[in-house]
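If you want the building blocks of each chain, they are given just below.
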Amino acid sequence: MASLRTSLLVLFVLQTAAFGQNQAPQAEISNGVLHAALYLPDAHNGFYRGTRFDWSGVIRSLTYNGHDYYGPWFTQTDPTVIDFIFKGPQIVAGPCSAITGPVEEFSRTLGFNAAKPGGTFIKIGVGVLRRPDGKAYTQYRLYPIVNHGKWSVRTKRNSVEFTQVLADPASGYAYRYTKTVRLIPGKPEMTIEHRLENTGRRTIVSSLFDHNFLVLDKQPTGPDFVITLPYTIHPNHVQGAQLANITGHRFTYRRRLHGNQIVAAEFSGFGNTAADYRIRIENRKDGAGMTIAGNRPLSREGLWSIRSVIAVEPFIDISVLPGKTFTWEYHYAYYSLSQAK
């Protein structure tokens, strides 16, 4: 166990070096309006090698009209940190949280509860993982990766297609997962298209959410940001409620976040169609905004924010019978407020 822990820490130190020196494999795409840089999955040199988030479609930067919408929300990484911590002016992220952009997590694992210590389970978009002991699953723990699957990447001028083929005979789960990040020709718009084909003998049931780490021109989280949803927001479990203002369809901040302040909430009020999977975020001072739309109904929605980042988190449910395929898509549009109608 000690040698395993050492190996995991060494792996993360290498990831940290890649973060600091920007040496991880990348691809750049453009449609003449949007320009994006993406990190590529790589078991040895990849920017992200944690076991929480999907390794594909990690966007380092996306620029439009002089604005950059993504980038690191943390300033340092540390293999001993669980999730993240505030350390004076620094924000230190652990190995499973140090990631950027509109990243996704299949938050329900495949086969963890059935696996005995030493057995295997699957985290979609990551690989076959080892359950080291009898402790409950936590997304912030760096699990040993037994099998990364077979990753392939196809890059075109305005798109990157990622495919992972993975099978775990011990658990009976297997799949072919494809994600395509595409910039729409001539428009400040991006789609993220997904296809999950169940090639195993067991039904795949999971929950997926998009973390949407928005770091808009590194603007501080505060009253300049306005978040608008299509439904009347009923907040639940609000952390930092004294810093937030929720009125009707809008979520705003009473003042700028400082230090270790966190504002987070679960939302209810959405319906059972994809019409409520619509998010609008604008920064009035910066003069930039964006919309996010999905083509599947929400199962949950929440928000998490600290001084460096705002993340609106829509969830969908996934269920795929053996031999069947499940698809879903997000549409992002970026704009200047002077262009907004």
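Because the structure is predicted, anything quoted here is derived from the model rather than measured. (Residues numbered from 1 in each chain as written. Predicted model: local features only at pLDDT ≥ 70, side-chain atom pairs only at ≥ 80, totals over all residues. Heavy atoms only, no water.)

J.: Can you help me understand the sheet that holds strand 15 (residues 189-198) in this one?
T.: Hydrogen bonds between backbone groups are what pair the strands of a sheet, and the pairing can be parallel or antiparallel. With antiparallel pairing, 10 strands are arranged side by side in an open sheet as 12-13-14-15-27-24-23-18-21-20. Both edges of this open sheet fall to strand 12 (150-155) and strand 20 (244-247), since each of them pairs with a single strand only. Across the sheet, the mean angle separating the axes of adjacent strands is 15 degrees when strand polarity is ignored. Here 4 bridges tie strand 20 to strand 21 (residues 250-253), and the two strands are oriented antiparallel to one another. The residue of strand 21 that forms the bridge with N245 is T252. (Pairing = 2+ DSSP bridges. Helix = DSSP H or I, 4+ residues; strand = E, 2+ residues; numbered from the N terminus. Axes fitted to C-alpha atoms, helices over the stretch in contact; angles between N-to-C directions.)

J.: Got a minute to help me understand the nonpolar core in this structure?
T.: The tendency in soluble globular proteins is for nonpolar side chains to be buried as a group. Judged by nonpolar contacts, the single largest core of 94 residues is most densely connected at L62, Y69, W73, W328 and Y334. Among the elements that line this core, the one with the most residues is strand 26 (residues 309-320), at 8 residues. Once you skip the residues sitting within four places of it in the chain, W73 turns out to touch F84, I91, A93, S97, I99, F213, V215, W304, I306, S308 and V309. (Core = buried A, V, L, I, M, F, W, Y, C linked by side-chain atoms within 4.5 Å. Buried < 20%, exposed > 50% of the residue type's maximum accessible area, 1.4 Å probe, protein only. Contact = heavy atoms within 4.5 Å.)

J.: What am I meant to see in the side chain of R49 here?
T.: Examined against the element boundaries, R49 turns out to sit in the loop between strand 2 (35-39) and strand 3 (58-64). Salt bridges are absent for the buried R49, whose nearest opposite-charge side chain, D42, sits at 6.4 Å. (Lys, Arg positive; Asp, Glu negative; His and termini not counted. Salt bridge = Lys/Arg side-chain N within 4 Å of Asp/Glu carboxyl O.)

J.: Please explain the packing of aromatic side chains as it appears in this structure.
T.: For any two aromatic rings, the description comes down to two numbers: the centre-to-centre distance and the angle of the planes. Summed over the entire model, instances satisfying the criterion amount to 28 aromatic pairs. Measuring from ring centre to ring centre gives 5.7 Å for W73 and W304, while their planes differ by 80 degrees; the resulting arrangement is edge-to-face. Here W73, found in the loop between strand 4 (67-68) and strand 5 (76-77), pairs with W304, found in strand 25 (residues 300-306); they are 231 residues apart in sequence, far enough to count as distant. We classify W304 as buried; its relative accessible area is 15%. Through pairs of rings, three or more aromatic residues link up here, namely Y48, F53, W73, F74, F84, F86, F213 and W304. A cation over an aromatic ring shows up here: R296 above the ring of F326, its NZ or CZ 4.1 Å from the ring centre. Lying across the ring of F315, R300 places its NZ or CZ 4.1 Å from the centre. (Phe/Tyr/Trp six-rings, centres within 6.5 Å; stacked < 30°, edge-to-face > 60°. Lys NZ or Arg CZ within 6 Å of the ring centre and 35° of its normal.)

J.: Explain the pattern of salt bridges to me, please; I cannot follow it from the model alone.
T.: Oppositely charged side chains can pair when the atoms bearing their charge come close. Using the criterion set out here, one finds 10 salt bridges in the structure. The salt bridge involving R154 is made with E161; its shortest N-O contact spans 3.5 Å.

J.: Honestly, the environment of N283 in this entry has me stumped. Any pointers?
T.: Relative to the elements of secondary structure, N283 occurs in strand 23 (residues 278-283). Separated by 125 residues in sequence, N283 and N158 place their C-alpha atoms 27 Å apart. Setting aside residues up to four positions removed in sequence, N283 forms contacts with L216, Q219, D224, F225, A288 and L337. A distance of 2.7 Å separates a polar atom in the side chain of N283 from the backbone nitrogen of D286. (Polar contact = N/O pair within 3.5 Å; in protein donor to acceptor, adjacent residues only side chain to side chain.)

J.: Mind showing me how you'd approach the pairing of strand 6 (residues 84-87) here?
T.: Each regular strand carries side chains that alternate between the two faces of the sheet. In the sheet, strand 6 pairs with strand 7 (residues 90-93) via 4 bridges, with the strands oriented antiparallel. What sits directly across from F86, in strand 7, is I91. In this antiparallel pair of consecutive strands, strand 6 and strand 7, the connection spans 2 residues, and G88 shows a positive phi of 65 degrees.

J.: Please clarify how the sheet that holds strand 9 (residues 120-123) should be interpreted in this entry.
T.: If you trace the 3 strands from one edge of the open sheet to the other, you get 9-10-11, paired in antiparallel fashion. On the outer flanks of this sheet lie strand 9 and strand 11 (145-147), each paired with one strand and no other. Strand after strand, the sheet turns through a mean of 45 degrees between neighbouring axes, direction not considered. Pairing analysis gives 4 bridges linking strand 9 to strand 10 (residues 127-130), with the strands arranged antiparallel. Its bridge partner being in strand 10, K123 is matched across the sheet by G127.

J.: Would you mind going over the pairing of strand 12 with me for this structure?
T.: Judged from the 6 bridges that link them, strand 12 and strand 13 (residues 159-168) form a sheet pairing that is antiparallel. Within strand 13, the residue paired with K150 across the bridge is V165. Between strand 12 and the antiparallel strand that follows it, strand 13, lie 3 residues.

J.: Mind showing me how you'd approach the environment of P322 here?
T.: Within the element layout of this structure, P322 appears in the loop between strand 26 and strand 27 (325-336). On a C-alpha basis, the gap between P322 and A241 in space is 44 Å, while along the polypeptide they are 81 residues apart. The contact partners of P322, leaving out residues within four places of it in the chain, are N198, G200, R201, R202 and T203.

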